[in-house]
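Residue strings, one per chain:
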Amino acid sequence: NAGVTQTPKFRILKIGQSMTLQCTQDMNHNYMYWYRQDPGMGLKLIYYSVGAGITDKGEVPNGYNVSRSTTEDFPLRLELAAPSQTSVYFCASKAGGADTQYFGPGTRLTVL
Amino acid sequence: QKEVEQDPGPLSVPEGAIVSLNCTYSNSAFQYFMWYRQYSRKGPELLMYTYSSGNKEDGRFTAQVDKSSKYISLFIRDSQPSDSATYLCAMSDPGGGNKLTFGTGTQLKVEL
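What you see is a predicted model; the values in this text were computed from it and never measured. (Residues numbered from 1 in each chain as written. Chains lettered and ligands numbered in written order. Predicted model: local features only at pLDDT ≥ 70, side-chain atom pairs only at ≥ 80, totals over all residues. Heavy atoms only, no water.)

Colleague: Would you take a moment to explain the side chain of Ser73 of chain B for this structure?
Modeller: Within the element layout of this structure, Ser73 of chain B appears in strand E8 (residues 71-76). Sequence-distant contacts of Ser73 of chain B, defined by excluding residues within four places in its chain, comprise Leu21, Asn22, Trp35, Thr62, Ala63 and Gln64 of chain B. (Helix = DSSP H or I, 4+ residues; strand = E, 2+ residues; numbered from the N terminus. Contact = heavy atoms within 4.5 Å.)

Colleague: So what exactly am I meant to see when it comes to the pattern of salt bridges here?
Modeller: Pairs can form between side chains of opposite charge once their charged atoms are near each other. Applying the stated criterion to the full structure yields 6 salt bridges over all chains. Across the salt bridge formed by Asp38 of chain A and Arg36 of chain A, the nearest N and O atoms sit 3.1 Å from each other. For the residue pair Asp38 of chain A and Arg36 of chain A, the accessibility class agrees, reading buried in each case. A salt bridge links Arg60 of chain B to Asp83 of chain B, with the nearest nitrogen and oxygen atoms 2.8 Å apart. Residue Arg60 of chain B is located in the loop between strand E6 (54-58) and strand E7 (61-66), and its partner Asp83 of chain B is located in the loop between E8 and strand E9 (85-92); the two are separated by 23 residues in the primary sequence. (Salt bridge = Lys/Arg side-chain N within 4 Å of Asp/Glu carboxyl O. Buried < 20%, exposed > 50% of the residue type's maximum accessible area, 1.4 Å probe, protein only.)

Colleague: How should I be thinking about the interface of chain B and chain A in this particular structure?
Modeller: Interfaces are often sized by the amount of accessible area the parts lose when they come together. Contact with chain B, which involves 19 residues of that partner, is made by 20 residues of chain A. Surface buried jointly by chain B and chain A totals about 1600 Å² across both partners, of which 55% is contributed by carbon and sulfur atoms. A per-residue breakdown of the area chain B buries against chain A is headed by Arg41, Asn98 and Phe102 of chain B, which together make up 31% of the total. Taken together, the links from chain B to chain A amount to 2 residue pairs in polar contact (both at pLDDT 80 or more). Listed by contribution, the elements that provide at least two residues to the side of chain B that touches chain A are strand E4 (32-38), strand E5 (45-50) and E9 of chain B. In terms of residue count, the dominant contributor to the side of chain B that touches chain A is E4 of chain B (4 residues). Counted by class, the side of chain B that touches chain A contains 9 nonpolar, 7 polar and 3 charged residues. (Buried area = accessible area lost by both parts, 1.4 Å probe. Polar contact = N/O pair within 3.5 Å; in protein donor to acceptor, adjacent residues only side chain to side chain. Nonpolar A, V, L, I, M, F, W, Y, C, P; charged D, E, K, R; others polar.)

In structure tokens, the structure reads:
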């Protein structure tokens, strides 16, 4: 059971470049989440989804986009990378009716 | 005022010590409380979950919730070097759109 997987593990982008962070879960969870974690700042919610075809903004959505075409996948898109998006990005999922979220290993992104 | 306050540490203790980690919160709608453990360069993993005031014990770990004071704690008995990690409190409310609000995390180091 792989749980929540994220790719890539590391990435360096130049300012203005775009990229997609991939997230896949094999637990058939309806709910999926994207967070960013900056040093000393805890986890900030970027976007979340309550099921395929449904997404909503979290606390810090600016500069990001998401889509949810399947239950398993929840990619996060950065269109015009900025240094302020240097962070560690975590994807998480949970089952409907539950409160506990399961996290992936993270993607460490640097924008130079 | 942040919804969830957590002392960032770092906290350094000798092996075998009892550790107390704490969070306070301001939103009285929070009903579910979690502690996540995050090792360096890894994703958070769920450690303890509780939804009622009082204590919940799991091995060397005890989660305590005091809803009247809006205060939660995690106690670690007989701390081990393998407990060295960042501990994040998280909480949710039934009407919160299935979202978690995290503390900023407390960094713990258990020394030999």
